[in-house]
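As a plain string of letters, each chain reads:
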Amino acid sequence: MSEAAERRVHVIDHPLVQHKLTLMRCKDTSTKTFRQLIHELSALLAYEVTRDIPTHEVTIETPLESTTGRMIDGKKTVLASILRAGNGFLDGMLEVLPSARVGHIGLYRDPATLKPVEYYFKMPSGMEERDVIVLDPMLATGNSAVAAVDLLKRLTPRSIRFVCLVACPEGIANFHAHHPDVPIYTPAVDRGLNDHGYIVPGLGDAGDRIFGTK
Ligand code: URA
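Residues numbered from 1 in each chain as written. Predicted model: local features only at pLDDT ≥ 70, side-chain atom pairs only at ≥ 80, totals over all residues. Heavy atoms only, no water.

Under the annotation held in an unreviewed UniProt entry, the chain carries the name Uracil phosphoribosyltransferase and is attributed to Tepidimonas fonticaldi. The record in UniProt for the chain states the following under Sequence similarities (unreviewed entry): "Belongs to the UPRTase family." Under the UniProt heading Pathway (unreviewed entry), the entry covering the chain gives this text: "Pyrimidine metabolism; UMP biosynthesis via salvage pathway; UMP from uracil: step 1/1." (UniProt positions renumbered as here; feature names shortened; annotations may be inferred.)

Here it is in structure tokens:
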């Protein structure tokens, strides 16, 4: 990975994050435990991904005196979930960002062209003044993430960040070829993709593991 690309990929190498991700990768981890872990991990990822969002100074009164503090700028942050696995991040992130707005992006893969096609897109109003955090657990080929950010950019949000659980070099390269301005936050960059488009070693199908649909 080039130096510029490395700067746009934030690998969240925190012991708590790594511990939880390792448990999630285990094939014997139950649906119940997987859900609990993604919930806990999401809150930690929300903390990291919001580290540099803009703040401004405000004056407040404590019970003792007047002082200044910092508060987040602009309209409420948007959590933009790429359906369906992105929804796995929502509850945990909303614990840290309880006033965040939630948008949904539905994409399916056209069997003929293999390109993602939009079937659902709903965001809050006032996107020009909002920071958007795009959620999808697996950055595999990157095609859905690219398409989701294409759709979001039409609404000209103030900023866009992308969060996943596991990325791979192919997905990162594809994503940043289209959206070099959008940083990726991930606990792991795995070896690559297998012939079925799964990340290896990965954690399997994130949607199936979150929703118990295997
Ligand atoms: N989607 C998943 O859920 N898992 C992968 O490994 C790749 C895409």
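Q: Got a minute to help me understand the layout of surface pockets in this structure?
A: Over the atoms, a rolled probe matching the size of one water molecule traces out where space is still vacant. Size it by volume and the largest pocket reaches roughly 830 Å³. If you go around the largest pocket, you meet 26 residues; those closest to its centre are D136, M138, A140, S144 and D205. Only β5 (101-109), β8 (138-139), α5 (143-153) and α7 (206-211) provide two or more residues apiece to the lining of the largest pocket. Its residues assigned to classes, the lining of the largest pocket comprises 14 nonpolar, 8 polar and 4 charged. Roughly 200 Å³ of internal volume is contained in the second largest pocket. What lines the second largest pocket is M71, I72, D73, G74, K75, K76, T77, L97, P98, S99 and A100. (1 Å grid on protein atoms, 1.4 Å probe; cavity = no way out; pocket = protein on both sides within 12 Å on 5 of 7 lines; lining within 4 Å. Points joined across faces, edges and corners; volume = space filled by probe spheres on them. Helix = DSSP H or I, 4+ residues; strand = E, 2+ residues; numbered from the N terminus. Nonpolar A, V, L, I, M, F, W, Y, C, P; charged D, E, K, R; others polar.)

Q: How should I be thinking about the sheet that holds strand β6 (residues 116-122) in this particular structure?
A: Pairing in this open sheet of 7 strands is mixed, and the strands run β1-β11-β9-β7-β4-β5-β6 from one edge to the other. The open sheet has two edge strands with one neighbour each: β1 (9-11) and β6. Shown here is a sheet whose adjacent strand axes are inclined to one another by a mean of 25 degrees, direction ignored. As defined by bridge partners, strand β9 (residues 159-163) adjoins strand β11 (residues 184-186) across 2 bridges and the pair is classed as parallel. Residue pairing in the sheet places V163 in a bridge with Y185 of β11. With respect to the sheet, helix α6 (residues 169-178) is in contact with β1, β9 and β11, its orientation differing from that of β11 by roughly 160 degrees. (Pairing = 2+ DSSP bridges. Axes fitted to C-alpha atoms, helices over the stretch in contact; angles between N-to-C directions. Contact = heavy atoms within 4.5 Å.)

Q: Explain the site of the ligand to me, please; I cannot follow it from the model alone.
A: Around the ligand, the surrounding shell consists of M138, A140, G197, Y198, I199, G204, D205 and A206. Within the backbone of I199, one N or O atom sits 2.8 Å away from an oxygen atom of the ligand. A distance of 2.7 Å separates an oxygen atom of the ligand from a polar atom in the backbone of A206. Contact with the protein chains covers 82% of the free accessible surface of the ligand, which is 240 Å². The cavity where the ligand resides is the largest pocket. The residue makeup of the shell around the ligand, split by class, is 5 nonpolar, 2 polar and 1 charged. (Near = heavy atom within 4 Å. Polar contact = N/O pair within 3.5 Å; in protein donor to acceptor, adjacent residues only side chain to side chain. Areas by Shrake-Rupley, 256 points an atom, 1.4 Å probe, with all protein chains shown as cover. Sits in = over half its atoms within 2 Å of the grid points.)

Q: What is the right way to read the packing of aromatic side chains from this model?
A: How two aromatic rings sit relative to each other is set out by the distance from centre to centre and by the angle between their planes. Within this structure, the stated rule accounts for 2 aromatic pairs. For the ring pair Y108 and Y119, a centre distance of 6.5 Å and an interplane angle of 35 degrees mean the geometry is tilted. Note that Y108 is positioned in strand β5 and Y119 in strand β6, a separation of 11 residues in sequence. Where F162 meets F175, the ring centres are 5.2 Å apart and the plane angle is 40 degrees; that geometry is what we call tilted. (Phe/Tyr/Trp six-rings, centres within 6.5 Å; stacked < 30°, edge-to-face > 60°.)

Q: Can you help me understand the packing of α5 against α6 in this one?
A: For any two helices packed against each other, the geometry is given by the interaxial angle and the distance between the axes. Look at α5 against α6: their axes get within 9 Å of each other, and the N-to-C directions meet at 20 degrees. As summarised for this structure, α5 and α6 are arranged roughly parallel, according to the angle between their axes. For the crossing formed where α5 meets α6, the hand is right-handed. Residue-level contacts link N143, A145, V146 and V149 of α5 to N174, F175 and H178 of α6. Among the residues making up the contact of α5 with α6, the classes are represented as 4 nonpolar, 3 polar and no charged. (Parallel < 35°, antiparallel > 145°, perpendicular 65-115°, else oblique. Left-handed = near helix turned anticlockwise from the far one by under 90°.)

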